[in-house]
Every structure is written in C-alpha cells, then in structure tokens.
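Read off the chains here:
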Amino acid sequence: MGMFDRLAFFLGLKKREASVLVIGLDNSGKSTMLNHFKTEDQKTTDIVPTVGFNVEKFKTKNVGFTAFDMSGQGRYRSLWEHYYHDCQGVIFVVDSSDKLRLVVAKDELDMLLQHAEIRHRRIPILFFANKMDMRDAVSSVKVSAALGLERISDKPWHITASNAITGEGLHEGVEWLTNQIKENFGNNMNR
Amino acid sequence: MIGSFKQAKKDEEDGCGNPYHSVDKTSVLQEARVFNETPVNVKRSTHVLTKILYLLNQGETLATKEATDAFFAMTKLFQSNDLVLRRLVYLGIKELCNVAEDTIIVTSSLTKDMTGREDQYRAPAIRALCRITDATMMQAIERYMKQAIVDRAPGVSSAALVSCRHIMKDSPDVVKRWVSEVQEALSSDCVMVQFHALGVLHQIRKSDKLAVTKMVSKLTSSGPRSPYAICLLIRIVARLIEEDEAGADCRLFDFLESMLRHKAEMVIYEAANAIVTLRKSSARDLAPAISVLQLFLSSPKPTLRFAAVRTLSKVAMTQPNAVTACNLDLENLIQDVNRSIATLAITTLLKTGSEGSVDRLMKSISSFLNDISDEFKIVVVEALRALALKYPRKQAVLMGQLADMLRSEGGLPYKEAIASTIITIIEDNPEAKEKGLDHLCEFIEDCEHTTLAVRILHLLGREGPRTRQPARYIRFVYNRVILENAAVRAAAVSVLAKFGAQCETLLSNVLVLLQRCMMDTEDEVRDRATYYHAVLATRDSALIHRYILNPPQFALPSLERALVQYLRADTSAPFETRAVPTAPPPQEEKKAQNIMEVAPRQEERVVPTHEKYAEQLSAIPQFANLGPLFKSSAPVELTESETEYMVRCIKHTFRDYIVLQFDCTNTLNDQLLEAVNVVVEGEDWDVLLYIPCPSLPYSQPGSCYALLRIPEDIMATTGTFSATLKFKVRDCDPATGEPDTEDGYEDDYTLEDIEISVADHVQRAARNNFAAGWDELGATNELEDTFALSAMSSLEEAVTQVTQFLGMHPCDRSDRIPEGKSAHTLYLAGTYRGGHEVLVRAKLALSDGVTMQLTVRSDDPGVSEVIASAVG
Ligand SMILES: Nc1nc2c(ncn2[C@@H]2O[C@H](COP(=O)(O)OP(=O)(O)OP(=O)(O)O)[C@@H](O)[C@H]2O)c(=O)[nH]1
Ligand SMILES: [Mg+2]
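Not measured: the values here are computed from a predicted model. (Residues numbered from 1 in each chain as written. Chains lettered and ligands numbered in written order. Predicted model: local features only at pLDDT ≥ 70, side-chain atom pairs only at ≥ 80, totals over all residues. Heavy atoms only, no water.)

A. Structural context of the overall build of chain B. Helix and strand content of chain B: 37 helices and 16 strands. Considering chain B as a whole, with its 872 residues, one finds that 49% of them fall into the buried category. Long-range contacts, defined as pairs at least 24 residues apart, comprise 63% of the intrachain contacts of chain B with a sequence gap of at least 6. Within the structure as shown, chain B displays about 43100 Å² of accessible surface, and the carbon and sulfur contribution to it stands at 51%. (Helix = DSSP H or I, 4+ residues; strand = E, 2+ residues; numbered from the N terminus. Buried < 20%, exposed > 50% of the residue type's maximum accessible area, 1.4 Å probe, protein only. Contact = heavy atoms within 4.5 Å. Areas by Shrake-Rupley, 256 points an atom, 1.4 Å probe, with all protein chains shown as cover.)

Have a look at this one:
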C-alpha cells in the first residue's frame, strides 16, 4: 500500500474496486484510451487491433478500475454480452471523425440498451466522442444527437469530447464515472 | 463379507486422499459462477478450476453450451494477476478449446501475456494461443510467433517451436515462412531449444527430400551440440538411408558409426539402435553397433541394460547370428533383479541359442513368470511362437508350456497372444492340431473373455469337423450353450451347425441339440438355432453348403442401401441378391513409423472405404442411377511425384459402368486452374460423360470424373486408355491466391496411361471351406490351362503376383508356402461383376521359372473364360 492508500484506509475510505466495460466500434480508440491511464512503465508503444478482449487496470481517486477492453470488429461484437453481467459501468467510445459509421455505432448502442442484462439496471454510461483532434471530427453535441442519447432516461450518462492520444477529456469523463459508481456503491450499502 | 471387502478396495482406489474424489459435473459447473465475482476470489476460483480440470482429465465430457459458459466465465479470471490461477486458466483454455465456441475471445489477452514481462506467463500463453488460433487467424499472431521463436528465454523459444509443430497440421504454409527464425533457434545455447528447432525444421522440409538431404549434410558436418538434437538427427539420417533406393550414401552411414563414439550415452544408444534397425545393414555393419550394446549389457544403470537388451532381442528376431556374441552377457542377465531385463534376456537367448538350450531356458522362465507384468509375458509368448516355428520337434514341450500359461492369471491381451500362438502352431503343423484343440477346449471351459471364447469357438467350427473324432468336441461346444453369456451361446450354436453340416454321423444329434437351443432366452441365439435347424433338417447338401458352410458375405451397408432402393422401386420382382456387392475380407494393415514417436501412428492419408466412395458417388446426380457400387480400386498415381500437377485415378466399377475418379492437386502457387478435366480414350469403350472440376486453386485437391460404359462383349472389358489433363490457366498472386482479371488460356498435360484389368471386375471373397465350394460349383463351366511363368523366380512371388493380378482372395491360408517346398497349390475365391462366383485353383511348381496349371470354375461360362485368359 502506498502512503495515501494507507491513510485512506485508516480514515475508513476503503479502496473500492469497480469493473467497467469498454466498448465501441473497431478503430475508435478504446485500447489507446486505456493505454493512456497506465503508468509510464506499463504503457505500450504500439497498439494493434484487439482480438477478443484485454483486461487493463488503472486507478483514480479511491476507485481501482478493472477495464475489459473489448474488440470492436464486427464479428466479435456479439461477444460483448458475455461481460455485461458483472460490470458496474460502461465506457462507449465513438470515433467522431468516422461520420459514416455513426449509424453503426447507434445500432450497437441500441442493442446494448435493450439487452436483458442492461435494460433494468441503473448503470452509468460514459461516452467519449473520441478523436476530437481530427480535422473532420464532429462535435460531441452532434455525436450525441446521432446516437440519440437524449432518449436515455433511466440511466445516468455523460458525453465528452476526447483525444485518446494526448489524454484530453479523458480525466473529466472518468471523474464523472467514478462519482457515479461511488454513488451506486453508497446506494447499495444503504439498501 | 466379500461385497464389503470389494467396496473397501474400490474406495481405496478412487478415494483415500484424493480431495476431488466425489466431484460431480453439474455441481462444479454451478460453482464455476464464482469466476464472475469482482474482485476475483482467487482462492475459491483456483479450487473450482482445478476441479473442472480434474473432471475433464477423468474423461468427463461437456456439452458445447456447458463448455462455452464455463469458458467465458473463466476468461474473467484474467483480471487477477495471481500466478497459479493464471496458469490454471491456460490449462483450462487448452482443455476446453475443442468444445467451447468463440474461444478466440482470449487471443489478445494471450498475446499480451506472451509478449509481457512475466516470464512465467509467456511460455504457457504461447501454447494456449496456438490451440485457439485457426488457419484464418494465423496472420494476426504471426509477428509474435516469429519473435517468440528467437526469444532469449529458452522456455519461451521451446514453447513457440513446439507450438509450430501443432500449427503445421493446419497451416503448414504459415510455418514455412518462419524458417529463418527456426534456423536461428537451432544455434541456440540451450540443448532443448536446439532439439525442438531441429524437429520443426525437419517437419518443414519433410516433403522435400532434396532439402532434407542438404540440411542433413550440413548438420552432420557441423553438428549440433545438444545430444537430444543429435538423437533426432540420427533418426532422420537413418530414415534417409532407408529411403535411398540407390544404395546408401556412405557418408551418412559413416556419420551413424562415428556417433557410436560420442560421449553421451543417449547418442551412442540411438546410433547403435539406428544401425541395427536399418534393413540394409550387413552383418559387418552391425558388428560395431552390437559391441556397443554388449558393453551396455553390463552397465550399472538399469535403463541402459534394459535399452540394450530390448534392442538386441529385436535384432535376434531377424539376425540371431549377429547377437550370439552377446550370449554370455545375456546369460548373466537372467538373474537380473529387474524382471523386465531378465525376461528380455531369456527371450533373446531363446532366439539365438541352440535347440539344446531350449529346455533349460524354459525352466528358468517358468520360475519367475508370475513376477512379471503381462506386457513381458506377451514378449515371452512371442518368443515361444518363433521357437515353435523354428524347431517343430520342440512343439510338444512348448505346447505344454503354453497350456500352463493359458491356465494361469493374466489379462485379455496376454491370453489372446497365447491362444493365437497355439492357433499358429495348429495351422503350421497338422500333427499338433488335435493336441492344440484339446488345450483350447479346456481353456474355454473357464474363460472370462467373451471375444476370446468366440474366437476359439469359431476355430473349433472350422477345424473340428475335419479331425478324426469330431464327436469329442460337441460336449465342449454344447457346454457353452448351457453356461455362458448370450454372445458366446450364439457363437456356440453356429459351431454346432457347422459340425452338423459336415459330419453325417453327428447330424441327428446336432438337430436335437439345436432344438433345445430354440428355447434360449436370447433372441439372437433362438434365431440362429431356428435358422440352422431349418436348413440342416432339409438334408439338402446344396442348401446346407450355401447357407451354412459358405454363406453369402454381403457388405452390410450396401445390402441396406440396395434394400432401400428396392423398396422404393418396383417390388413385384424378387430382390436380386446378386447385385449386392460382397464385403471383401479384411486385409492385414501395414504400420508406418513416425520419427518422433515411439508408438506407430496411422498412415497420414487414409484411403476411403468402399462405403465412403459409394456415398460420395451417389451424391453426384449424374451417378445416382448406376446401381450399387461393386468395387473401387486403390488409387493409382498418373503423375510422377513432385510435378506441377498431381493426378491420381480411382476406378469405380458398377455392374454396367466404370466411373474414373481423378483426384487432382495443383502445386503451383501462381496458378488457378479452371474447368479441369481428364480426357480418356480407349478402343471399344464409350465415354458417356465427363464431369469437370470447375476450379482448382493451389494445393486444394479437387476431383473430376469420367463415366464409361463397359462393353457388352465380356472379352473386351479390359484395356488401356490414354489420358490427358485439360484445363484453363489463370495466373494469380502467390500470396493471396487472387487471380488476375485477364481471362486465362487453355492448356493440357499428358498423364500416364490407365489400365482397366481383370482385377477391376473382381471383388475378393472369403471361403471358409474352399473344397466344399469347389465341388458345389461343379465342372460345368470349368476351364483349365497350363502356363510357364518364366519371369518368376520363386513360388512366393508367383503366389503374390497371381493373387494380385486376378484380384481374388487366397483361401485356406494357401498364400503361405511351407518352407523348402518346390510345389504348391493356391486357392483363390472372388466374385465377378454381376455377382458371379469364381473359384481358381492354381497348381504351381518350381522348375526354371514357375509352371502353373490354372483351373477356373464359375457359374458363368463367359466369366470362366475371362479369368482363364487373363493370365496368358
Ligand atoms: N488522431 C487520433 N487518433 C486516435 C485517437 N485515438 C485513437 N487513435 C488511433 O486510432 C487507431 C485505433 O485505435 P485503437 O485503440 O486500436 O482502437 P480500438 O477501439 O481499440 O480498436 P479495436 O481494438 O479494433 O476495437 C490507432 O491508430 C490510434 O492511434 C485520437 O483521439 N486521435
Ligand atoms: Mg483495441
């Protein structure tokens, strides 16, 4: 345990563990984003398309995240659902420069929202309108509209523009997610 | 009391200290839910995963859904970095990947582990990865594999190399691209890596003999350091020498001999073993190898003594004289504390020693026969069999010994070995027959092995009626009907019928016994008894002959197919059994040995059975109405090996047609062939239609067909055909196989001629009793002629040639020629196309070549004529 952890422990702020599912179409930047959160010595320099999934760990404040970085290629998308059951949050990454495939992303999102494991849960969903640095990237507002986010009323959600390479926007998004998950922990405790 | 003792013993075997003793599949799969917990419950997950692995290793099988669920739950354990748990996950992946679906889900996780920093993960991750990666996904992991092969950590490199051998099975071309990495690994410092690298390198080059020769000559001069690699190299060299028709390259042999002076014992032994196993080794070549083995015989290490004596006992089988030099050392080993070594020493001595020493050696064997395992008892039995054939005068002693062994403890394979040795002796020596049958009769009075009892009964049915006093066997046979299980009872009923059919005097008694069997509790036994009783009661010799002594031997699947077809069509005419192909009698299999394996493995390309062919052909609409398939020939190569295109031909004979099937392979990776056809031409024959193969990509075999009508005139049904491969070529990219956009060009390629011979119209058939069949067929259509087979130098050769040429089956073991005889009679049986029975008697005499008097009998004059004129 590091110094801060120890302190937090004594103060009763026991560290919590949360597992999140990172999904989105292929090439949207999921693995790149998770790579950004890793400590300097664990970062990889070359990121290749994921086949299946990878488990990555990172920490913010006092939540330790275990992220399932899923592959976004068409034939693996049907396998996401195996990991819905035990996740406490979803990160949905969209390539905001890939306007053509925004509808595909919407389709996948719809399937997620209607899935039996997700439909009735108040699970927080964080959207990254990624690759904001690209010249032809559309704004997060446009992405939000294209995905039809306003109809999600039974789950907390949040969208933020990001650049997974420089890290811009990532912390803001994850901070929101951390708070949501902590809140859920609190609710569960009270129940 | 006994019951509880048994129970206790059982518990002791399965339970007692085994914590997984009472594990049950359903509940373990329930428990596997713990894998889904976040954070991972390492302790419980480890325990449950171990249970799953335990179950799978006990032979438990999972349904696809169960396996997939367990697999996906298990993938969540990748969250944990616990070392033990992760390695269990790798094992789980390997166990489940053949049943579970979508196992590629772990690809990225495994590639991460194999390239990561934790050395403990890297090797097992590679092994797991290559199991879940199929040919289509290979490219995704190629880069990692190449790196891993040359990795500095020996474990990682070895794991990658061993995985290559698995990948070779499905994607040989991919592994070929890694050859330079493998080469590099061959010069690794680690002995194990060198060994594995050589294994892969050889596998890559295996099909290209020139490349193997080059590799070998390079390695034999520079030489790897690893003794393991040298052992493998020795095996490769030995195989090269064996395959080299032109006479051994003496440099290769010199290499083997030089390895006899290596410092590692393992290498010395391997070289000695290679030299003595070479078929080409002369007695002089053997000598240095034998003396090395002789030294090992007095080594203090039991493993060396064992290896040496085991090899020597094999040599003694074929070249006993070469081993006599070791007799003294072998005598010393009879007292060896290791019973396996002692057994092998004695059995070797039995082969090398003189007739006089047999009795003494037999005594020392019986003194410890009870202390050795069945496996070695079988070795002893095999030695006795060889001995009996070598010294007929000793057969009485040996038979006595065998009978004692038959009565003692032992498992089925052991008992079977003894019984078949006795049977061999009976067959070899008519004088030993009755004694041998007596021993076997006594044995089946108390035999717990159903298969063996049935086999012996069958032998009794064949040999018993022809002895001097057939009556004495009836009691033993009928005892089986009273005392044994249904399978044995049924066999016994058939044997009774055989006695009744051949022994006039016993017939009325047999009928009474069969009548009693008709009350049996088992359907099969009652049915047989009723059937045989009905046939025998007619006392009609033709009927008895046809339905008891030489019953029709239909190929059952073909019979079923024919009946189904009959029921679909017009059933007013009676069912024609003649059209149903008979099942050819089984043939002995030859075994090929793989260099890397101790146990023999099956030949790689399995020739499909009659049934498989029938199914494949009837699926082709054009061939659906040709009637039942009568016979399929063995594949004949129409091209030399290693040419641009490889074509082999299989001839399928129907009653009125012959289908030629051409299996083609395109070995040029820059060509795509289209509209591939083999055009055939021959006198008197009409080609009714061709079915070309639409497309023949590189290295994927495809088939095209030609349908021929068999000429009416039976004498014109053999012939030679010229054959040409015609096709359209389209050039293509060797890497992707994508053809150019341009249209291709026509081309052709001349193939070897195709022969349709008599054998293509004849199916082999078994006759239990040739003489009876011969008389039954009568002299109506008999033809006889005498031939001088001047090209043949021995009776054996003549027998093989005539049998093969006519495509018939040797009966009454007449293909075996007693040693030293100068005249012999061969009996052959077959069925001619259309269901005609044909029998051939060939009297052979050795006289400046071989003279043959050939007599043919058949139920059709035309058939007799074709067969008789075939030889001329
Ligand atoms: N310009 C720009 N490029 C990005 C950004 N994020 C990711 N990329 C690039 O996009 C490519 C794909 O990124 P990955 O992280 O592999 O995408 P993924 O979502 O994990 O893809 P799959 O694993 O196939 O599902 C990489 O070449 C990244 O360098 C971004 O914010 N800006
Ligand atoms: Mg990825």
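B. Region of the structure containing the packing of aromatic side chains. On inspection of all chains with the given rule, the structure shows 20 aromatic pairs over all chains. Arranged with centres 5.3 Å apart and planes meeting at 70°, the rings of Tyr 531 of chain B and Tyr 532 of chain B form a pair that is edge-to-face. With a centroid separation of 5.6 Å and 75° between ring planes, the pair formed by Phe 623 of chain B and Tyr 705 of chain B is classed as edge-to-face. Placement of Phe 623 of chain B in the loop between helix H34 (610-618) and strand S1 (631-632) and of Tyr 705 of chain B in strand S8 (residues 702-709) is noted, with a sequence separation of 82 residues between them. Each of the two residues, Phe 623 of chain B as well as Tyr 705 of chain B, counts as buried. Taken together, the ring pairs connect Phe 53, Phe 68 and Tyr 83 of chain A together with Phe 71, Phe 72 and Phe 78 of chain B into an aromatic cluster. For Arg 86 of chain B, the ring lying beneath its charged end belongs to Tyr 121 of chain B, and the centroid distance is 4.6 Å. The ring of Phe 476 of chain B carries Arg 475 of chain B above its face, with NZ or CZ at 4.6 Å from the centroid. (Phe/Tyr/Trp six-rings, centres within 6.5 Å; stacked < 30°, edge-to-face > 60°. Lys NZ or Arg CZ within 6 Å of the ring centre and 35° of its normal.)

C. Structural detail: the pairing of strand S5 (residues 125-130) of chain A. All names here are of chain A. Of all 6 residues making up S5, 6 are buried, and the element is well covered by its neighbours. Neither face of S5 is exposed, since Ile 125, Phe 127 and Ala 129 on one face and Leu 126, Phe 128 and Asn 130 on the opposite face are all buried. Summarising the sheet, strand S4 (residues 89-95) and S5 pair through 6 bridges and their orientation is parallel. In the sheet register, Val 90 faces S5, and the bridge partner there is Ile 125. Judged from the 5 bridges that link them, S5 and strand S6 (residues 157-161) form a sheet pairing that is parallel. Looking across to S6, one finds that Ile 125 is bridged to Trp 157. (Pairing = 2+ DSSP bridges.)

D. Layout of the interface of chain B and chain A. At the junction of the two partners, chain B supplies 20 residues and chain A supplies 24 residues. Each partner contributes to the roughly 1900 Å² buried at the junction of chain B and chain A, and carbon and sulfur atoms together form 56% of this total. Counting every contact that joins chain B to chain A gives 3 salt bridges. A salt bridge links Asp 86 of chain A to Lys 76 of chain B; the shortest N-O distance between them is 3.4 Å. (Buried area = accessible area lost by both parts, 1.4 Å probe. Salt bridge = Lys/Arg side-chain N within 4 Å of Asp/Glu carboxyl O.)

E. Layout of the site of ligand 1. All names here are of chain A. Lining the immediate surroundings of ligand 1 are 20 residues, of which Lys 30, Ser 31, Thr 32, Thr 50 and Gly 72 lie closest. With respect to ligand 1, the backbone of Gly 29 contributes an N or O atom lying 3.0 Å from an oxygen atom. Take Gly 72: an N or O atom from its main chain is 2.6 Å from an oxygen atom of ligand 1. For ligand 1, the protein covers 83% of the area, taking 650 Å² as the surface of the free molecule. Element by element, the count of residues in the shell around ligand 1 is highest for helix H2 (residues 30-37), at 3 residues. Tallied by class, residues from the shell around ligand 1 come to 6 nonpolar, 10 polar and 4 charged. (Near = heavy atom within 4 Å. Polar contact = N/O pair within 3.5 Å; in protein donor to acceptor, adjacent residues only side chain to side chain. Nonpolar A, V, L, I, M, F, W, Y, C, P; charged D, E, K, R; others polar.)

F. Quick peek at the coordination of the magnesium ion (ligand 2). All names here are of chain A. The protein atoms that coordinate the magnesium ion (ligand 2) are Ser 31 (OG) and Thr 50 (OG1), at distances spanning 2.0 Å. A residue pair is termed long-range when its members are at least 10 positions apart, and Ser 31 in helix H2 and Thr 50 in the loop between H2 and strand S2 (53-60) qualify at 19 residues. Thr 50 shares its class with Ser 31; the two are buried. (Donors = N, O, S within 2.8 Å, 3.2 Å for Na, K, Ca; no water.)

G. Highlighting the environment of Ile 867 of chain B. Here Ile 867 of chain B shows up in helix H37 (residues 861-871). C-alpha of Ile 867 of chain B to C-alpha of Tyr 832 of chain B: the two residues are 35 residues apart in sequence and 9.4 Å apart in space.

H. Focus on the UniProt feature "binding site: Mg(2+)" (unreviewed entry) in chain A. All names here are of chain A. Residues given the UniProt feature "binding site: Mg(2+)" (unreviewed entry) here are Ser 31 and Thr 50. Across 20 residues of sequence, these annotated residues stay compact in space, with a maximum C-alpha separation of 7.6 Å. In this view, Ser 31 contacts Ile 47, Thr 50 and Asp 69; residues no more than four positions away in its chain are not counted. You can call Thr 50 buried: its relative accessible area is 9%. Here the side chain of Thr 50 touches Ser 31 through a polar contact of 2.9 Å, side chain to side chain. (UniProt positions renumbered as here; feature names shortened; annotations may be inferred.)

I. Representation of the pattern of salt bridges in the model. All names here are of chain A. A full pass over the atoms with the stated rule returns 42 salt bridges over all chains. The shortest N-O distance in the salt bridge between Asp 154 and Lys 155 comes to 3.5 Å. Owing to a relative accessible area of 41%, Asp 154 belongs among the partly exposed residues under this scheme. A residue is classified by how much of its surface remains accessible, and Lys 155, at 4% relative accessible area, is buried. Residues joined in a network through salt bridges with shared partners are Asp 26, Arg 77, Asp 98, Arg 101 and Glu 108.

J. Local environment of the pairing of strand S3 (residues 63-70) of chain A. Residue and element names in this part refer to chain A. In terms of burial, S3 is a largely internal element, 8 of the 8 residues being buried. Burial along S3 is two-sided: the face carrying Val 63, Phe 65, Ala 67 and Asp 69 and the face carrying Gly 64, Thr 66, Phe 68 and Met 70 are both buried. In this structure, strand S1 (residues 16-23) lies alongside S3, joined through 7 bridges in parallel fashion. Paired with Val 20 across the bridge in S3 is Ala 67. Here S2 pairs with S3 via 8 bridges, running antiparallel. Counterpart to Lys 59 in the pairing with S3 is Gly 64. If you look at the hairpin formed by S2 and S3, you'll find 2 residues sitting between the two strands, and Lys 61 has a positive phi there, around 40°.

K. Summary view of the nonpolar core. Ranked by size, the top nonpolar core spans 233 residues in total, and within it Phe 35, Ile 93 and Leu 110 of chain B carry the most contacts. With 11 residues, helix H14 (residues 227-243) of chain B is the single largest residue contributor to this core. (Core = buried A, V, L, I, M, F, W, Y, C linked by side-chain atoms within 4.5 Å.)

L. Local environment of empty space enclosed by the protein. Residues and elements named next belong to chain B. Across all of its chains, the model carries 4 cavities of 30 Å³ or more by this definition. As a volume, the largest cavity reaches approximately 80 Å³. Every residue lining the largest cavity is listed: His 458, Gly 461, Arg 462, Arg 466, Lys 498, Gln 502, Leu 549, Asn 768 and Asn 769. Only helix H27 (450-463) and helix H29 (486-502) provide two or more residues apiece to the lining of the largest cavity. (1 Å grid on protein atoms, 1.4 Å probe; cavity = no way out; pocket = protein on both sides within 12 Å on 5 of 7 lines; lining within 4 Å. Points joined across faces, edges and corners; volume = space filled by probe spheres on them.)

M. Quick peek at the sheet that holds S2 of chain A. Residue and element names in this part refer to chain A. In spatial order, the strands read S2-S3-S1-S4-S5-S6; together these 6 strands make up an open sheet with mixed pairing. Only two strands of the sheet have a single partner each, and these edge strands are S2 and S6. Taking the axes of each pair of neighbouring strands and ignoring which way they run, one obtains an average angle of 25° across the sheet. Where S1 meets S4, 4 bridges bridge the pair, whose relative direction is parallel. Each bridged residue has a counterpart across the sheet, and for Ile 23 the counterpart in S4 is Phe 92. Contacting S1, S2, S3, S4 and S5, H2 runs over the sheet at an angle of about 155° to S3. (Axes fitted to C-alpha atoms, helices over the stretch in contact; angles between N-to-C directions.)

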